[in-house]
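Residues per chain, in single letters:
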Amino acid sequence: MGDDLLAVRRAKLERLRAAGVDPFPHAYPGVEPIAGVRAAHAGLEAGTETEARHRVAGRLHARRGQGKMAFLDLDDRSGRLQLQARADVLGEERMERLLELDLGDLVGVDGVAFASRRGELTLRVEDFAVLAKSLRPPPEKHHGLQDVETRFRRRELDLMANEEARELFLTRAKVITTVRRVLDEAGFVEVETPVLQPLYGGALARPFTTHHNALDRELYLRIATELYLKRLIVGGLERVYELGKDFRNEGISFKHNPEFTMLEWYEAYADYAVAAARLETLVHEVAQAVGYAGELDFAPPWRRVTLGGAIADATGIDVLAHRDRDALAAAIAAAGLDLDTGGRTWPQLVDDLLSKWVEPELQQPTIVMDYPVELSPFAKAHRSEAGLTERFEAFAGGMEIANAFTELNDPDVQRERFEAQARLEREGDEETQPYDEVFVQALEQGMPPTGGLGLGIDRLVMLMTGTRSIREVVLFPAMRD
RNA sequence: GCCCCUGUAGCUCAACUGGCAGAGCAGCGGACUCUUAAUCCGAAGGUUCUAGGUUCGAUUCCUAGCGGGGGCACCA
């Protein structure tokens, strides 16, 4: 029974205490990463002794007993190191106590490095300490932890058992530090804007709603940072970015988690072409920083297509020639596409065509430009194409990764866009922009011409690590209770 | 919300057409001073997700529920 496994470990815990050993000491100073120990002895010939003493700490992963001598494997974040325990070095009593350790125990070791007869770098244990007794059995040592439910619900077990999981989240951290470095070096200021917002905005999505007791009012978890960041541009910060969680009350899929990490930046005196160039450079730098070696070529410039052209190429339908709902629905029906047009608005139909027939085909990084104004309430009208905006979305691996505009800064036009959103809502669109008067007033103060961009960090990490599910790159993905 | 697949020992997996639920790892007892998925000997370890049903007999078939995966719907 499982209880027996736990009882055995509990009994060992009590034996340690009875022997005067603290199974949960307060600290263990002076630990060296295992990777550092390995680097110090790279190329050591098989059978060679050294006089180098090292202190390492980590989790006991395996044990190969030989009676009066045993080998053990110790894992830390940086790698795995073999330990050799010898009765003639430790003495009978400490040898016995060392062999009574359980796999999964946290252990600290002082030892002398040597290369075994087979050439394996090994630490001959001269002293050791239990750093924390593990009271539950670890996952299987060779196959690791496979069960996806346990891996996501109990990520600590996944990280402890599967080196790939540890590496993936180290890569994720490197993606984020690289993003910060590139933007900081380009003169951007990192800022923090409210997560709890009286009015949500900046994207088309349903929000999570919560309640503030003292104020006795509804608040929303943000679905985007856009409107607050543009107010900072009005204020004169000129180049700002925010890296943080957004929350969208929508379905869960391989590329959607209800809370996800978003980067948004805004740059005064720039337009969407500048944003596109910055995106290409940023993603390329990230790919280099994490050593990306997959199929995708992130080197700038990326392929550029127009939205109308891309949809026409994929479906034969010219959405710009069918500018109202019924005409477009008729064209879709005439083309024989498998798409239910009932109850869909014109912008929703365009979005359907894009997501079903265009997006899955966009494997190599591609910038899709010039979206209809109906889809883009915060984007400035195109400087030369009537009815379009200066907006692009970037795709890679068959997923949208970024969305950018030349920002709309004419307050009167912004008011009209909000009113158009309200009309769409009356037509049945559940994801429209609520009217944000404070934002319009900010624009009335004068916002410089601005280029802005949002980049989905989780999806970027998926691309960089070649994973197909957002749950693999989020430490604790959303699960049912 | 709908459809399909799925749930067996702590972990990784078996169990043919409905016929005594098995193995490896881990754990337990023992042997072993260069192993590295160590090896060898021994003894253990199960509410087969839950609740019903069909049957002489259910891990297996049926119904419902719960969890997970995939898809659809929704979703920038």
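Values in this document were obtained by computation on a predicted structure and should not be read as measured data.

Asks: Explain the overall build of chain A here, please?
Replies: Secondary structure assignment for chain A yields 16 helices and 16 strands. In terms of overall dimensions, chain A is more spread out than a globule: its C-alpha atoms have a radius of gyration of 29 Å, far above the 23 Å expected for 481 residues. Considering only C-alpha atoms, chain A reaches an extent of 85 × 55 × 50 Å along its principal axes. Taking the intrachain contacts of chain A between residues at least 6 apart in sequence as the baseline, contacts between residues at least 24 apart amount to 65%. Positive and negative side-chain charges in chain A, numbering 59 and 81 respectively, have mean positions lying 7 Å apart.

Asks: What is the right way to look at the packing of helix H13 (residues 411–426) against helix H14 (residues 437–445) in this model?
Replies: Each pair of packed helices can be summarised by the angle the axes make with each other and by the distance between the axes. Where H13 meets H14, the closest approach of the two axes is 8 Å, and the angle between their N-to-C directions is 160 degrees. Taken together, H13 and H14 sit at an angle that is classed as roughly antiparallel. In this structure, the crossing between H13 and H14 has a hand that is right-handed. Packed against H13, whose contacting residues are Pro411, Gln414, Arg415 and Phe418, the element H14 presents Glu437, Phe439, Val440, Leu443 and Glu444 at the interface. Grouping the constituent residues of the contact of H13 with H14 by class yields five nonpolar, one polar and three charged.

Asks: Explain the layout of surface pockets here, please?
Replies: It is a probe the size of a water molecule, rolled over the atoms, that shows where empty space is left. Of the volumes computed, that of the second largest pocket is approximately 340 Å³. Looking at the second largest pocket, it is lined by 18 residues, and the ones nearest its centre are Arg59, His61, Asp75, Met160 and Ala161. Of all the secondary structure elements, the ones that give two or more residues to the lining of the second largest pocket are strand E1 (49–65), strand E2 (69–76) and helix H6 (155–161). A total of four residues in the lining of the second largest pocket trace back to one element, the largest contributor, which is E1. Across the lining of the second largest pocket, the residue classes break down as seven nonpolar, three polar and eight charged.

Asks: Before we go on, may I ask you to explain the domain arrangement of chain A in this structure?
Replies: Where interface size is given, it is often the accessible area lost as the parts come together that is meant. Assigned domains within chain A: domain 1 (2–138) and domain 2 (163–302 + 364–473). Summarising the inter-unit geometry, the C-alpha centres of domain 1 and domain 2 are found 48 Å apart.

Asks: Just checking my understanding: could you explain helix H15 (residues 457–465) for this structure?
Replies: Because each turn of an α-helix spans 3.6 residues, side chains separated by three or four positions in sequence point in the same direction. Burial runs high along H15: eight of the nine residues are buried. Of the positions making up H15, those classed as buried are Ile457, Asp458, Arg459, Leu460, Val461, Met462, Leu463 and Met464. Looking at the residues trailing H15, positive phi occurs at Gly466, about 65 degrees.

Asks: Quick question: what am I supposed to make of the side chain of Asp370 here?
Replies: Position of Asp370 relative to the elements: it lies in the loop between strand E13 (366–369) and strand E14 (391–396). It is Arg383 that comes nearest to the buried, bridge-free Asp370 among opposite-charge side chains, at 8.3 Å. Engagement of the side chain of Asp370 in a polar contact is seen with the side chain of His382, the distance being 3.3 Å. With sequence-adjacent residues up to four places away left out, Asp370 is seen in contact with Tyr272, Thr306, Leu307, His382, Leu388, Thr389, Glu390 and Arg391.

Asks: What exactly am I supposed to notice about unusual backbone geometry here?
Replies: When glycine is set aside, most residues are seen to have a negative phi, and most peptide bonds are trans. Of the consecutive residues Pro300 and Pro301, the connecting peptide bond is found in the cis state with omega at -5 degrees. Topologically, Pro301 is positioned in the loop between helix H9 (272–289) and strand E12 (303–306).

Asks: Looking at this structure, how should I read the sheet that holds strand E9 (residues 217–221)?
Replies: Strands pair in a sheet through their backbones, by hydrogen bonds, and they do so in one of two ways: parallel or antiparallel. Read across the sheet, three strands follow the order E7-E9-E8 without closing on themselves; strand pairing throughout is antiparallel. Across the chains shown, the open sheet's two edge strands, defined by having one partner strand only, are strand E7 (196–197) and strand E8 (209–212).

Asks: Looking at this structure, I do not really get the protein's contact with RNA strand B. What am I missing?
Replies: Around RNA strand B sit 53 residues, and of these Gly65, Lys141, Glu250, Arg391 and Arg471 come closest. For RNA strand B, the backbone makes up 63% of the atoms found within 4 Å of the protein, where backbone means sugar plus phosphate. Between RNA strand B and Glu400, the relevant distance is 3.5 Å, taken from a sugar or linking oxygen to a side-chain nitrogen or oxygen of the residue. Mapped by element, the contributors of at least two residues to the surface near RNA strand B are helix H1 (2–18), E1, E2, strand E3 (79–86), helix H5 (148–153), helix H12 (346–358), E14 and strand E15 (399–406). Among the elements that make up the surface near RNA strand B, the one with the highest residue count is H1 (four residues). Considering only residue class, the surface near RNA strand B consists of twelve nonpolar, 14 polar and 27 charged.

Asks: How do you make sense of the packing of helix H7 (residues 163–185) against H9 when you look at a structure like this?
Replies: Contact geometry of H7 with H9 gives a least axis separation of 9 Å together with a crossing angle of 135 degrees. Between H7 and H9, the crossing angle belongs to the class labelled oblique. The crossing of H7 and H9 is right-handed. Residues Lys174, Val175, Thr178, Val179, Arg181 and Val182 of H7 pack against Leu282, Glu285, Val286 and Ala289 of H9. In terms of residue class, the contact of H7 with H9 is built from six nonpolar, one polar and three charged.

Rules used in this analysis
- Residues numbered from 1 in each chain as written.
- Chains lettered and ligands numbered in written order.
- Predicted model: local features only at pLDDT ≥ 70, side-chain atom pairs only at ≥ 80, totals over all residues.
- Heavy atoms only, no water.
- Helix = DSSP H or I, 4+ residues; strand = E, 2+ residues; numbered from the N terminus.
- Rg over C-alpha atoms; globule rule 2.2 N^0.38 Å.
- Contact = heavy atoms within 4.5 Å.
- Lys, Arg positive; Asp, Glu negative; His and termini not counted.
- Charge placed at Lys NZ, Arg CZ, Asp CG, Glu CD.
- Axes fitted to C-alpha atoms, helices over the stretch in contact; angles between N-to-C directions.
- Parallel < 35°, antiparallel > 145°, perpendicular 65-115°, else oblique.
- Left-handed = near helix turned anticlockwise from the far one by under 90°.
- Nonpolar A, V, L, I, M, F, W, Y, C, P; charged D, E, K, R; others polar.
- 1 Å grid on protein atoms, 1.4 Å probe; cavity = no way out; pocket = protein on both sides within 12 Å on 5 of 7 lines; lining within 4 Å.
- Points joined across faces, edges and corners; volume = space filled by probe spheres on them.
- Domains from an automatic or database assignment.
- Buried < 20%, exposed > 50% of the residue type's maximum accessible area, 1.4 Å probe, protein only.
- Salt bridge = Lys/Arg side-chain N within 4 Å of Asp/Glu carboxyl O.
- Polar contact = N/O pair within 3.5 Å; in protein donor to acceptor, adjacent residues only side chain to side chain.
- Pairing = 2+ DSSP bridges.
- Near = heavy atom within 4 Å.

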